[in-house]
Amino acid sequence: MSSEDKQNKTVKSIPVKNVKIHQPKQPATRKFSPSDAIYVRKVQGVFQSLRRKMNLFFLLLFAGLPWMQHNGHQALLFDIVDQRFTIWGLTLWPQDLTLLAWIFIVAAFLLFFITTFLGRVWCGYLCPQTVWTFIFIWFEEKIEGTANQRKKLDSQPLDFNKFWRKALKHSAWLFFSLLTALTFAGYFTPIDKLFVDFFTFNASIAAVFTVLFFTFCTYGNAGWMREIMCLHMCPYSRFQSAMFDKDTLTVSYDATRGENRGARGRKQDHKALGLGDCIDCNLCVQVCPTGIDIRNGLQYECIDCANCIDACDGVMERMNYPKGLIRYTTEHELEGRKVHLIRPKLVGYAVVLTVMLSLLTIEIVGRVPLSLDIIRDRTELAKENLNGEIENVYTLKILNKSQTDNTYRLSVKGIDNIKWQGEQEVFVEAATVYTLPISCIVDAYDLKAYMTDITFVIEQVGNEDVRIEHESRFFNKR
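Computed from a prediction, not measured in an experiment: that's the story for all the values here.

Participant: Just give me the short version of the packing of aromatic side chains, but keep the residues and values in it.
Facilitator: Per the counting criterion, the structure on display carries 25 aromatic pairs. Measuring from ring centre to ring centre gives 5.7 Å for Phe62 and Trp132, while their planes differ by 85°; the resulting arrangement is edge-to-face. With a gap of 70 residues between them, Phe62 in helix 2 (residues 46-64) and Trp132 in helix 5 (residues 128-144) connect regions that are remote in the sequence. Each residue in the set Phe62, Trp132, Phe136, Trp138, Phe139, Trp173, Phe176, Tyr187 and Tyr219 is aromatic and connected to the rest through ring pairs, giving one cluster.

Participant: If you had to explain the pattern of salt bridges to someone new, which residues and values would you point to?
Facilitator: A full pass over the atoms with the stated rule returns 24 salt bridges. A salt bridge links Glu144 to Lys166, with the nearest nitrogen and oxygen atoms 3.3 Å apart. One end of the pair, Glu144, is in helix 5; the other, Lys166, is in helix 7 (residues 160-185), with 22 residues separating them in the sequence. As far as burial versus exposure is concerned, Glu144 and Lys166 are alike and both buried. The salt bridge involving Arg343 is made with Asp245; its shortest N-O contact spans 2.7 Å.

Participant: Go over the sheet that holds strand 4 (residues 84-87) with me, naming the residues and quoting the values.
Facilitator: Strand order in this open sheet of three strands is 3-4-5, and the pairing throughout is antiparallel. Of all the strands in the sheet, just strand 3 (76-79) and strand 5 (90-92) have a single pairing partner and so form its edges. Looking at each pair of strands side by side, their axes are set apart by 15° on average, direction ignored. Pairing analysis gives three bridges linking strand 4 to strand 5, with the strands arranged antiparallel. Its bridge partner lying in strand 5, Phe85 is registered against Leu92.

Participant: Tell me what's going on with helix 9 (residues 205-225), and back it up with residues and numbers.
Facilitator: Its 21 residues give helix 9 an end-to-end C-alpha distance of 28 Å, which sits within 8% of 30 Å, the value for a rise of 1.5 Å per residue. Taken together, the buried positions of helix 9 are Ala207, Val211, Thr215, Thr218, Tyr219, Gly220, Ala222 and Gly223. Against helix 5, helix 7 and helix 8 (191-199) lie the buried residues of helix 9.

Participant: Please set out the sheet that holds strand 11 (residues 406-413) residue by residue, giving values where relevant.
Facilitator: Spatially, the four strands line up as an open sheet ordered 13-11-15-16, and their pairing is antiparallel. Sheet topology places strand 13 (425-428) and strand 16 (463-475) at the edges, where each strand pairs with a single neighbour. Direction aside, the axes of adjacent strands within the sheet are offset by 25° on average. Pairing geometry for strand 11 and strand 15 (residues 451-460), over six bridges, is antiparallel. Bridge pairing in strand 15 places Tyr408 opposite Gln460.

Cut-off values and rules
- Residues numbered from 1 in each chain as written.
- Predicted model: local features only at pLDDT ≥ 70, side-chain atom pairs only at ≥ 80, totals over all residues.
- Heavy atoms only, no water.
- Phe/Tyr/Trp six-rings, centres within 6.5 Å; stacked < 30°, edge-to-face > 60°.
- Helix = DSSP H or I, 4+ residues; strand = E, 2+ residues; numbered from the N terminus.
- Salt bridge = Lys/Arg side-chain N within 4 Å of Asp/Glu carboxyl O.
- Buried < 20%, exposed > 50% of the residue type's maximum accessible area, 1.4 Å probe, protein only.
- Pairing = 2+ DSSP bridges.
- Axes fitted to C-alpha atoms, helices over the stretch in contact; angles between N-to-C directions.
- Expected span 1.5 Å × (residues − 1).
- Contact = heavy atoms within 4.5 Å.

The structure is reproduced here in structure tokens:
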């Protein structure tokens, strides 16, 4: 046998099979379905009554504060153009930035303290996103009907009934959003003039743009985005869990009592059927504005609005079961352990909050409603006059931070026999800056060095408590 025959005998052929490759079809773009939206079902109860009353109070407060007057001017005005914040009798300027920083720090630690103690009650009861969302849902209920009616209406083809209801609803949303935007803008510009100018088409382009921008932001956030803001855009929902502990009050489902779930008649003994108190009606899901099932445990989507508590309590009452299957409780209580109201984290936040409040109070009490800036003549630091005396020129910027017109007396000290050339008593209107050019003159023999420290003193006439000193320099001729 030849070598070629041996090679052909040892090599076996590999069978080849033609395989048809099936390319997967691209999934078709899914169209919007009414099931994608959350249709919040209306619920009555203790917590909803409390929430509505709180929302109404703070809504009226939000709408009314810009219209309040104090000493003939808007009591609450954050005038960004003139860089002046007015809070009743207190006027804050850019020089008072530290005071504003303390206010924000106190507000942050107050939120931390409340979150550690009561959970996300800010989200459920006071957050503007939640308040305006429930207001827009109220418009929906009045115009389009209940949750089931709204869902049915959205699944129907467009007809006259659907058109006028949708048009009326969105018109109501836009009108309320416009009022919201005008009110919000009224915190930053005189609100009475803003309303008149806007509706008479005399408002500036900047004012119109601002109002329209916040109108559509309100319309989009509360009308369309709703729970998307809470679930995907709000940073608070992401880091609030860092402030929670096992003694934080949260809306929770008592699984020990509720499981096993199942339907039953009112007169049936559910214990004999091996069932818990939960009848699995899903009302807690239907009333949730973020669409979660609280029975799945603590979730960052929960805003502690207590809709599910009121819905469940209503069911328990009809079934003659004890209320509180879903309730404000703590993780320790659900586990049958002792609840610690006073705990290190809560005490820590309380101590820091107390310190911050104390520093803020000291800052406000010690604040002098007067400011003085000194600008030297940079062209010539010192010059000699005809009498052989040395003269320095200064420009004084006197800021009256108060809301009343005042007269101030000025003087200078630090050098013997120093002369003041210019006004020494000036009248400054409320919340204005007065520019005063002056000269200080010293005999050359009284100057011991090229540069001498001096102090300008300004005090309010008739109120010596309003007094400040500002250091500067007096230069000699070289």
